[in-house]
Amino acid sequence: MTDHIIVERPEAHPGIQVIRFNRPEKKNAITRAMYSAMTEALAAAEDDEAIRSTVFLGTEGCFSAGNDMGDFLAVAMGGGMPREVIDFLYALVRSTKPLVSGVDGLAIGIGATMHFHCDMTIASARSEFRTPFVDLALVPEAASSLIAPRLMGHQRAFAMLAAGEPFSGEEAREAGIVWKLCAPEEVEAAALAAANKLAGKSPEALRIARDLIRGNRGEIIARIDEEARHFSERLRSAEARAAFDAFMRR
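Residues numbered from 1 in each chain as written. Predicted model: local features only at pLDDT ≥ 70, side-chain atom pairs only at ≥ 80, totals over all residues. Heavy atoms only, no water.

### What to know about the overall build of the chain
Phase 1: Each helix and strand counted, the chain has 10 helices and 10 strands in total.
Phase 2: In terms of overall size, the chain behaves like a compact globule, its C-alpha atoms giving a radius of gyration of 17 Å where 250 residues would be expected to give roughly 18 Å.
Phase 3: With respect to the three principal axes, the spread of C-alpha positions in the chain is 50 × 40 × 35 Å.
Phase 4: Looking at the chain residue by residue over its 250 residues, the buried ones come to 51%.
Phase 5: Counting contacts in the chain only where the partners sit at least 6 residues apart, residues at least 24 apart contribute 72% of the total.
Phase 6: Looking at the chain as shown, the accessible area adds up to about 11,100 Å², and 52% of this sits on carbon and sulfur atoms.
Phase 7: If you average the places of the 29 positive and of the 35 negative side-chain charges in the chain, the two averages end up 3 Å apart. (Helix = DSSP H or I, 4+ residues; strand = E, 2+ residues; numbered from the N terminus. Rg over C-alpha atoms; globule rule 2.2 N^0.38 Å. Buried < 20%, exposed > 50% of the residue type's maximum accessible area, 1.4 Å probe, protein only. Contact = heavy atoms within 4.5 Å. Areas by Shrake-Rupley, 256 points an atom, 1.4 Å probe, with all protein chains shown as cover. Lys, Arg positive; Asp, Glu negative; His and termini not counted. Charge placed at Lys NZ, Arg CZ, Asp CG, Glu CD.)

### Some words on the pairing of strand β3 (residues 53-57)
Phase 1: Burial runs high along β3: five of the five residues are buried.
Phase 2: Burial along β3 is two-sided: S53, V55 and L57 and T54 and F56, pointing in opposite directions, are all buried.
Phase 3: Once you follow strand β2 (residues 16-21) into helix α1 (residues 32-47) and on to β3, the crossover reads as right-handed.
Phase 4: Judged from the four bridges that link them, β3 and strand β5 (residues 99-103) form a sheet pairing that is parallel. Paired with T54 across the strands is L99, a residue of β5. (Right-handed = clockwise from strand over helix to strand, strands pointing away. Pairing = 2+ DSSP bridges.)

### Quick notes on the pattern of salt bridges
Phase 1: Tallied over the full model, the rule gives 17 salt bridges.
Phase 2: Taking the shortest distance from any N to any O, the salt bridge between E226 and R223 comes out at 3.5 Å. One end of the pair is E226 and the other is R223, both in helix α9 (residues 217-235) and three residues apart, which spans about a single turn.
Phase 3: Here R234 makes a salt bridge to E239, at a shortest N to O gap of 2.0 Å. (Salt bridge = Lys/Arg side-chain N within 4 Å of Asp/Glu carboxyl O.)

### Describing the side chain of T54
Phase 1: For T54, the position within the fold is in strand β3.
Phase 2: A distance of 3.3 Å separates polar atoms of two side chains, one belonging to T54 and the other to Q17.
Phase 3: Apart from the residues lying within four places of it in its own chain, the contact partners of T54 are Q17, I19, L42, A45, P98, L99 and V100. (Polar contact = N/O pair within 3.5 Å; in protein donor to acceptor, adjacent residues only side chain to side chain.)

Structure, rendered in structure tokens:
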């Protein structure tokens, strides 16, 4: 388990597991080891009846800047999305227990799209959700190309996923990515309070209600796989390599 991911079960909140990004010096950029740690934590929650909800948190001023580009490219430039990323996305989709997230500051790339799989997201107004996939000559991931248009309509989904336009906390709330806004210093407490309330509900009734609301997991998994195929093809393209070279020289 990498120190860049902290997994906690707060004594004050029995029934809740917290998965916390802990790499503020790198804006919580996600390495393959961090993906594996989060996947393991989600699997542990599935196997433990005492855990009723999982909360994702970042650090002050930053949820996550997305993939650690050096670590990601070490595998991806061979022509495929790292297995650790796919396994994490599958774990998000297959989770049978509520997922809550608290966002303060930057939420970029998968640091933004993972909230499409959360049931309740609390964010600060100063948060910024951004997905610069096309800017890197890539395509959307995490089934965002399926979920986002359903959630926010074509125009907003296109602005976020294709045009790469940043969404403020308020714009994300209006688009349906975020449930509630609060002050930066209140984000963590509000996310834990939401998860704690869920943990107190009938687990089986909540599971069924959640399944009905979320819909067909197979369709979401299929879109993740389809996006990954396009993503892998794009990684082998000349324009993607040029975009990554320019990014790494910055």
